[in-house]
Amino acid sequence: MLSKEPSAVQGLAAGSGASPALKASALIVLGSIFAAALVGYGLVAFHLSLGRNAIVAAAVVLILIFALVVNGLHHHGFERFGFANAVTAVRAALVSMVGAIIFFPGAMQHGETTVWALVVLVLVALALDGVDGHLARRYGYESDLGARFNMEVDALLILCLSTAALLFGKAGPWVLLIGLMRYGFVLAQYIVPRLKSPLPPSFRRKLVCVVQVAVMCLVLLPGMVPPVSSWLSAIALLLLSYSFAVDSLNLLRRGEAGR
């Protein structure tokens, strides 16, 4: 059972949304991370000759992510934003920079330097992926907001990496299915409402996510070229398809049983 603070629980029960204390806590944390991220974006952009537009793009993406988080604070249920969500926010900043590097061609002038910069940023984001969950459990701050925040950052990272695999010539256009599958699942929920039901925690789901990021990183390394990079990407796609198929079938069967 989560040890939520009474005032936050009462606010949720009354439908009043996030408490002022939670909003203030979130804005302070997210604002600080955003300010630090701007400095980091500037350094990376200068080193890779990305230009001002890349910084602006990364900042805009991060603002949008943080705006969605603030809008969803009523799903948190605590008086403080928490260390776990702060770590996830740092991951969001890293992923936003990864996207800017991939989509702005100026970085490609640096060849291997760009690839290694991508790999380092992704590995740091991947390492922090386990930290936020641990902190949430350690301090009793597990929430629907934190779980969704973490999942969407993972999804965005995988989309960026699959796009990089295509743009860097590591695999064909089909590799985008790896990054688009999560968003396709969300769209399918509007067609088949039973897919909206919550899923229980799954080690298999977490493992497949880590495998996707790890394989995509490996595929992007210098010297990793087709057909090897294509085969590795195909294996990752098959694993991800299997994971989504298992979850979808379970949700559909649960819906049938509930009729």
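Heads up: the structure comes first, above all this text.
The following refers to the structure shown. (Residues numbered from 1 in each chain as written. Predicted model: local features only at pLDDT ≥ 70, side-chain atom pairs only at ≥ 80, totals over all residues. Heavy atoms only, no water.)

### Description of the packing of helix H2 (residues 20-48) against helix H3 (residues 52-71)
Let me state the cut-off plainly: Lines are fitted to the C-alpha atoms to define the axes, a helix being fitted only along its stretch in contact, and any angle between axes, read from their N-to-C directions, falls within 0 to 180 degrees. Going along the chain from the N terminus, every DSSP run of H or I of four or more residues is numbered as a helix, and every run of E of two or more is numbered as a strand. Here roughly perpendicular refers to angles of 65 to 115 degrees, roughly parallel to angles under 35, roughly antiparallel to angles over 145, and oblique to all remaining angles. Handedness of a crossing follows from how the near helix is turned relative to the far one, being left-handed for an anticlockwise turn of less than a right angle and right-handed for a clockwise one. Two residues qualify as a contact provided that any one of their heavy atoms is within 4.5 Å of a heavy atom in the partner residue. Under this grouping Gly is polar, as are all residues other than the nonpolar Ala, Val, Leu, Ile, Met, Phe, Trp, Tyr, Cys and Pro and the charged Asp, Glu, Lys and Arg.
Between H2 and H3, the least distance of the axes is 10 Å, while the angle of their chain directions is 165°. Here H2 is positioned roughly antiparallel relative to H3, judged by the angle of their axes. As for how H2 packs across H3, the hand of that crossing is right-handed. Taken together, the residues of H3 that come into contact with H2 (itself represented by Leu-27, Leu-30, Ile-33, Phe-34, Ala-37, Leu-38, Tyr-41, Gly-42 and Ala-45) are Ile-55, Ala-58, Ala-59, Leu-62, Ile-63, Phe-66, Val-69 and Val-70. Of the residues that constitute the contact of H2 with H3, the class distribution is 16 nonpolar, 1 polar and no charged.

### So, unusual backbone geometry
Going by this rule: Buried means the residue's accessible area, taken with a 1.4 Å probe over protein chains only, is under 20% of the maximum for its type, while exposed means over 50%, and partly exposed covers the values in between.
A cis geometry characterises the amide bond from Pro-226 onward to Pro-227, with omega recorded as 5°. Residue position: Pro-227 is located in the loop between helix H8 (203-220) and helix H9 (228-257). Although it is not a glycine, Ser-49 adopts a positive phi angle of roughly 55°. Checked against the element boundaries, Ser-49 lands in the loop between H2 and H3. On the accessibility criterion, Ser-49 (38% relative accessible area) is partly exposed.

### Some words on the packing of helix H6 (residues 144-167) against H8
How two helices sit against one another is set out by the angle between their axes and by the gap between those axes. Viewed as axis vectors pointing N to C, H6 and H8 meet at an angle of 30°, and their least axial separation amounts to 10 Å. Between H6 and H8, the angle falls in the class roughly parallel. You can see that H6 and H8 cross each other, and the crossing is left-handed. The segment H6 lies against H8, with Asp-154, Leu-157, Ile-158, Leu-161, Ser-162, Ala-164 and Ala-165 engaging Cys-209, Gln-212, Val-213, Met-216, Val-219 and Leu-220. Residues belonging to the contact of H6 with H8 are distributed by class as follows: 10 nonpolar, 2 polar and 1 charged.

### Observations concerning the environment of Ala-214
By the element assignment, Ala-214 lies in helix H8. The exposure class of Ala-214 is partly exposed, given its relative accessible area of 38%. Considering only alpha carbons, one finds Ala-214 and Val-119, 95 residues apart in sequence, at a separation of 9.7 Å.

### Considerations on the packing of aromatic side chains
Formally: Working definition: a ring pair exists when centres of Phe, Tyr or Trp rings (six-membered ring for Trp) sit within 6.5 Å. Plane angles under 30 degrees give stacked, over 60 give edge-to-face, the rest tilted.
Following the criterion strictly, the structure yields 3 aromatic pairs and no others. Ring centres of Phe-78 and Tyr-141 lie 4.5 Å apart, and the angle between their planes is 20°; this geometry places the pair in the stacked category. Of this pair, Phe-78 sits in the loop between H3 and helix H4 (83-103) while Tyr-141 sits in the loop between helix H5 (112-138) and H6, and the two are 63 residues apart along the sequence. Ring centres of Phe-185 and Phe-244 lie 5.6 Å apart, and the angle between their planes is 55°; this geometry places the pair in the tilted category. Taken together, the residues span a long stretch of sequence, with Phe-185 in helix H7 (residues 176-191) and Phe-244 in helix H9 at a distance of 59 residues. Take Phe-185: its relative accessible area is 11%, and that puts it in the buried class.

### What about the side chain of Ser-25?
Inspection of the secondary structure puts Ser-25 in helix H2. Each residue touching Ser-25, except ones within four places of it in the same chain, is listed here: Glu-79, Arg-80 and Phe-81.

### Details of H5
Definition in use: Helix span is expected to be 1.5 Å times the residue number reduced by one.
Helix length check: H5, at 27 residues, gives a terminal C-alpha distance of 39 Å against a target of 39 Å (1.5 Å per residue), a fit within 8%. Among the residues of H5, those classed as buried are Thr-114, Val-115, Leu-118, Val-119, Leu-121, Val-122, Ala-125, Leu-126, Asp-129, Asp-132, Leu-135 and Ala-136. Where H5 is buried, its residues touch H2, H4, H6 and H8. Note on H5: the residue one or two positions beyond its end, Gly-140, has a positive phi of about 70°.

### A few points about H2
In an α-helix there are 3.6 residues to a turn, and that puts residues three or four apart on one side. Spanning 29 residues, H2 covers 41 Å between terminal C-alpha atoms, matching the ideal 42 Å at 1.5 Å per step. Inspection of H2 places Leu-22, Ser-25, Ala-26, Leu-30, Ile-33, Ala-37, Tyr-41, Ala-45 and Leu-48 among the buried residues, and these make up the whole buried set. On its buried side, H2 packs onto H3, H4 and H5.

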